[in-house]
Amino acid sequence: LGEKLNNKPSDEEIYRVAVHEAGHALASELIFPNSVSHVTITSRGNALGYTRQNPKDDSYLYTKEYLESQIQICLAGSVAEELLLGNKSTGATNDFQQAVRLSKQIIFSGLSGLGVISEEDLSKNVLHEEISSIIRVEEEKVKKLLNSNLHILKKMADQLKRNESIMAEELNQLIKDSKCA
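Not measured: the values here are computed from a predicted model.

Caption draft 1: Looking closely at the overall build of the protein. In terms of regular secondary structure, the protein is built from six helices and three strands. Counting from the amino terminus, the protein carries its helices and strands in the arrangement α-β-β-α-α-α-α-β-α. Looking at the protein as a whole, 41% of its 181 residues are labelled buried. Pairs at least 24 apart in sequence give 70% of the contacts found in the protein among residues at least 6 apart. In the form shown here, the protein has an accessible surface area of approximately 10300 Å², with 49% of it arising from carbon and sulfur atoms.

Caption draft 2: Up close: the pairing of strand β1 (residues 36-40). Of all five residues making up β1, five are buried, and the element is well covered by its neighbours. Two elements, β1 and strand β3 (residues 165-167), share three bridges in a ladder whose sense is antiparallel. Each residue of the ladder has a partner; that of His38, found in β3, is Met167.

Caption draft 3: Examining the packing of aromatic side chains more closely. In this structure the tally under the stated criterion is two aromatic pairs. Geometrically, the ring pair formed by Phe32 and Tyr66 is tilted, given 5.7 Å between the ring centres and 45 degrees between the ring planes. Separated by 34 residues along the polypeptide, Phe32 in the loop between α1 (11-31) and β1 and Tyr66 in helix α2 (residues 64-85) bring together distant segments of the chain. Taking 5.1 Å as the distance between ring centres and 15 degrees as the angle between the ring planes, the aromatic pair formed by Tyr62 and Tyr66 counts as stacked. Residue Tyr62 is classed as partly exposed on the basis of its relative accessible area, which comes to 38%. Among the aromatic side chains, those forming a connected cluster through ring pairs are Phe32, Tyr62 and Tyr66.

Caption draft 4: Structural detail: the side chain of Glu81. If you trace the backbone, Glu81 turns up in helix α2. Those residues in contact with Glu81 that lie beyond four places of it in its chain are Arg16, Val19, His20, Gly86, Asn87, Lys88 and Ser89.

Caption draft 5: Examining unusual backbone geometry more closely. Positioned with a positive phi, Asn34 is a non-glycine residue whose angle comes to about 65 degrees. In this fold, Asn34 is placed in the loop between α1 and β1.

Caption draft 6: Focus on the pattern of salt bridges. Overall, the coordinates contain eight salt bridges when judged by the stated rule. The partner of Arg16 in a salt bridge is Glu81, with the nearest N and O atoms 2.7 Å apart. Here Arg16 is found in helix α1, whereas its partner Glu81 is found in helix α2, with 65 residues between them in sequence. For Glu81, a relative accessible area of 1% translates into the label buried. Note that Glu68 is salt-bridged to Lys141, the shortest N-O span being 3.8 Å. Highlighted residues: Glu68 in helix α2 and Lys141 in helix α4 (residues 124-147), separated in sequence by 73 residues. For Glu68, a relative accessible area of 12% corresponds to the buried category. The exposure class assigned to Lys141 is partly exposed, which follows from its relative accessible area of 36%.

Caption draft 7: Main features of the environment of Glu21. Topologically, Glu21 is positioned in helix α1. Residues Glu21 and Leu153, 132 residues apart in the sequence, show an inter-C-alpha distance of 9.7 Å.

How each quantity is defined
- All residue numbers refer to position in the chain's written sequence, counted from 1.
- Totals for whole chains, interfaces and linings use all residues, but because this is a predicted model, local features are given only for residues with pLDDT of at least 70 and pairs of side-chain atoms are given and counted only at 80 or more.
- With hydrogens and water set aside, each side-chain value is computed from the structure's full complement of heavy atoms.
- In this text, helices come from DSSP runs of H or I with a minimum length of four residues, and strands from runs of E with a minimum of two, each type numbered from the N-terminal end.
- Type-normalised accessible area, obtained with a 1.4 Å probe on protein chains alone, sets the label of each residue: buried when under 20%, exposed when over 50%, and partly exposed for intermediate values.
- Whether two residues touch is decided by their heavy atoms; if any such pair falls within 4.5 Å, the residues are in contact.
- Accessible surface is estimated by sampling points in the Shrake-Rupley manner with a 1.4 Å probe; for residues, cover comes only from the protein chains shown.
- Think of it this way: DSSP has to see at least two bridges between two strands before they count as a pair.
- Any Phe, Tyr or Trp ring, taking Trp's six-membered ring, that has another such ring centre within 6.5 Å forms a pair; planes under 30 degrees apart are called stacked, those over 60 apart edge-to-face, and the others tilted.
- What makes a salt bridge here is a side-chain nitrogen of Lys or Arg within 4 Å of a carboxyl oxygen of Asp or Glu, nothing more.

Put into structure tokens, the structure is as follows:
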């Protein structure tokens, strides 16, 4: 991720990054339990924070559902910002690029509503509309997921702002305690 940055973001930016990363981590844990190893808001390189997922076995084949879940995790940071802060930021640019790449994988694998298509014959406009449709659907799913766990999201963001990182064990305990409360 690069060297630790010397210039420090403002308190408002730090909290936004905490909310953003909490969104990624919570969505990942709710969709794929025990998938997050570490979440931090310590700036490195161009990343103001990051969520590290546990390494998975390399797969050669992915289902549509798996790819859709990955899109949800990509969008969760931005959705968390919108839910807790009332708006989104440019901090999700790379996440959106990843969501578009995953959407294209769904489309070009014949797993979208377009069915089996010829990549060369697909117009840019049709491709854009299908990508937008996939992303809108997955964004709604992740909004519902995070909205129904808003209290956990807020606790995670507050803890990240306070401690700069959350390890897997702490994250799992936070989710468990919040679900029991």
